[in-house]
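# Chains, contacts and geometry: an overview
One letter stands for each residue in the lines below.
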Amino acid sequence: MSAYMGKLLYVDLNKGTATEMPLDPQLAENFVGGKGFGAKILYDLLPAGCDPLSPQNILMFMPGPITGTLAPANRGCVVTKSPLTNTFADSYFGGHFAQEIRFCGYDGIVITGAAAEPSYLWIDEGKVEVRSAEGAWGLDTFAAVEKIREELGDISVKTACIGPAGEKMVSFALINCEYNRHAGRAGTGAVMGSKNLKAVVLRGSKPVIPADAEAFSAAVDQAYKELAEDETIASFTTDGTPASIDFANDEQLLPTNNYTDGAFEGAGGLNAEAQRKHFWLRNVACAGCPIACGKVGIIKRGRRKGLVTDVVEYETAAMVGSNLGIKDIREVSYLVKKCDALGLDGMSAGGVIGFAIEAFQNGLITAEQTGGLELKFGDTATAEYLLDAIAAREGLGDLLAGGVKQAAARLGGGADQYAVHVKGLESPAWGPRSVPGMGLALATADRGGCHQRAFPILYEVGGEWNGVEVDRAALKGKGEIVAHLQNYLAALDTLVKCDFAAYGIRDATYCRLLETATGGSWDVEKLMALGERIWNQVRLFNLREGFTRADDTLPKRFTEQPLPEGPFAGQMITLQDLDRMLDEYYAVRGWDEEGKPTEEKLKQLGLDQMPKLV
Ligand code: SF4
C-alpha cells in the first residue's frame, strides 16, 4: 500500500491513443514526483534541440505523492520545454485539478503529439477520449470551461484550459487550472495550443491511500499545527500576497515603470488594504488548504463596479500595477482578469507592456505601429490595447508575442536595455539591485528569471540565515545561500507543495508526510540530496539545449542602471559582481568554471549511471 497510484498516463495526440504505464520504481525512488518526474522524463524522452512548439515536445501535468491526501496545501505542476526560454520549464498551479489527476488513478499525465483538429482530452475515471473542441475553440478561458462543462453535463469536472493567446501560441500564454489558479509562467499554454489541445478535463473518484494511514494522519495533524502557529501563514490568510507590496516598496524592490525605479508613489493604492477596501468579500482556498489566501470579491465603486474578481496577487499587482505606473487597484484588477481570460501570464504581460512603453518613448516603436495610440505609463488604455493585440498576434502584438527578449532582438537599436528578463523569462516583481543574492538567484534559476527557485531577499533584508549574520550588500556567501535554497525548493517541488505553506510546515514534517504516505524512509539530509539531484538533472537538460555560463546573467537594467534615488540609490549588480558570485556558486555546487556538473558531482548524486527511461 502506498499513496502512489502506480501509473502514469501517456497520451499520443498524433495517434489519438492513451496508454497506462506502470510507475517505474526507480523513478519514484530517485525523483519522487512533480518536478522530479518531469525533469527525468523530459531529459530522457525529449530529443535534444526539439522545437518547443513542435508535436514532439512533451507536456506533462504532474501532481506529487501527497497531492489528493489530507496533507494541507498541495498542488500540481506543468512540465515542458518552454517556448519562451527554450529551457526546462515547470509551472505550478493550485485549485483542484492536481488532486483530480490522482483521483483518476494517475501519478501524472504525459502528452505528446498534436491533434489534427482543435480538441480536448476527457479523462473520466479510467476512460480516456480525445474529443472535438470546436465549440470551445476561440473562447476565453472562462467561457471555454463553461462550454465544456455544459457539453459534459457536469459542472464539477476539473479543467486545465487555454485561452485565445494559447491558441495563437503566444510565448507567454498560460494554462488556466481554475478560475484564478494558473500554470502561469514560461509559456506552457503555447505548448498546449501547439498541440491543438484546448483543455484537459478530469473526473475521478479513486481514493489516495497512504502507506501508514495512522502515522500519516499524525503527520497531517502536525502540519496543521505548524501552519496554525506561524505568523507569516496568518498574514497570508488575512492579507494574501499583496501584503508584500508595502515591504517591497519600503525596501526599494518594487518594479516601477519598467524597473526604472524600486519604489512607487502609488503603492498604497495597490496593497492589501486597498484591495480589501475596493473588492474583497471572503477567503477562498485551493483543495485541502487551511490558509485560504484567495479573496473572492466584487468591485464596489467606480467604472469597474460589478466586476467579479479575486485577490490581485503581489506579482501581478506589481507587474501590471507599479511596473506600468498604474495606481488604482480596480484598474489593475480589470487588466489582470483580462490577462486570465485571454490566457496570458500577467507577470510576463506586465514586463512586455513596460518594455513596449519604453521602446515607444525612445522612438523604437512608432505611432504608426500603434494605430496612433501613444503608449504611456499610468494608462489602462495602453495596457488594454496591447493585451488584445498580443493575444490576437495582430500588428505590434505579433512582435511582442514572443516576449521581451525576442522583441528586443527584432527591434534592434539598443532595445535590449529596456528588456528585463533572464534567459527570456520576464523578471518577477523583485528588483534585485540592492540585494545581490536575489540577483544571483534570478541569474541561475533553471527556467529563467524566477523568484520561486530561491528567495534570498528574506535573509538579505532580515540580516540572518541559519543563525549566521547576513550582510545585505555583500557578494561573498550568497552562492551558498542560493544553492541551498534552490535544492530545498526543488525537493519540495516534487511533493508538490504550495510555496506559502512551506513558510509554516517544517522540513522534518514534510519528511514525515512523505515517508508515511509512500512507505519509504526520509530525513532532511535525504530530502536535500533529492533536491540537489533534481537541480543537477535540470542543469544537464539546459546544458544539452546549449545554455552556458554566459546565460547565467542579468539584464542591463540591473547591471548598468543603478537605482536612481532613495536609501539604496546608486546600487546595482555589475557583471563583475555577478561573476564573483557565480564563481562561488559554481564551486558550492561542485560544477566547473563553465557551470557544468563535474563527473564527481554526478557520481555523488547517482546521476552518472541512472537508467534511462524508455
Ligand atoms: S496558500 Fe493559497 S495558493 Fe497555496 S494552496 Fe492555499 S489557497 Fe492555494
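Residues numbered from 1 in each chain as written. Predicted model: local features only at pLDDT ≥ 70, side-chain atom pairs only at ≥ 80, totals over all residues. Heavy atoms only, no water.

### Quick look at the pattern of salt bridges
Overall, the coordinates contain 38 salt bridges when judged by the stated rule. Here Asp107 ties to Arg102 by a salt bridge, and the two come within 2.7 Å at their closest N and O atoms. In this structure Asp107 comes out as buried when scored by relative accessible area, which is 3%. Owing to a relative accessible area of 0%, Arg102 belongs among the buried residues under this scheme. Members of the salt-bridge network, linked through shared partners, are Lys35, Asp90, Asp446 and Arg453. (Salt bridge = Lys/Arg side-chain N within 4 Å of Asp/Glu carboxyl O. Buried < 20%, exposed > 50% of the residue type's maximum accessible area, 1.4 Å probe, protein only.)

### Things to note about the packing of aromatic side chains
Applying the stated rule across the entire model yields 11 aromatic pairs. Summarising the aromatic geometry, the rings of Tyr259 and Phe558 are spaced 5.4 Å apart at their centres and angled 75° between planes, so their arrangement reads as edge-to-face. One end of the pair, Tyr259, is in the loop between helix 9 (244–250) and helix 10 (272–278); the other, Phe558, is in helix 22 (residues 556–559), and 299 residues separate them in sequence. The pair formed by Tyr259 and Phe558 is uniform in burial state, with each residue classed as buried. Measuring from ring centre to ring centre gives 6.0 Å for Tyr585 and Tyr586, while their planes differ by 55°; the resulting arrangement is tilted. Like Tyr586, Tyr585 is buried. (Phe/Tyr/Trp six-rings, centres within 6.5 Å; stacked < 30°, edge-to-face > 60°. Helix = DSSP H or I, 4+ residues; strand = E, 2+ residues; numbered from the N terminus.)

### Notes on the packing of helix 19 (residues 478–492) against helix 23 (residues 575–589)
Contact pair helix 19 / helix 23: the axes reach a minimum separation of 8 Å and the direction vectors enclose 50°. What the angle tells us is that helix 19 and helix 23 run oblique. Viewed along their axes, helix 19 and helix 23 form a crossing whose handedness is right-handed. For the pair helix 19 and helix 23, contact is made by Lys478, Gly479, Glu480, Val482, Ala483, Gln486 and Asn487 and by Met581, Glu584, Tyr585, Val588 and Arg589, respectively. Looking at the contact of helix 19 with helix 23 residue by residue, the classes come out as 5 nonpolar, 3 polar and 4 charged. (Axes fitted to C-alpha atoms, helices over the stretch in contact; angles between N-to-C directions. Parallel < 35°, antiparallel > 145°, perpendicular 65-115°, else oblique. Left-handed = near helix turned anticlockwise from the far one by under 90°. Contact = heavy atoms within 4.5 Å. Nonpolar A, V, L, I, M, F, W, Y, C, P; charged D, E, K, R; others polar.)

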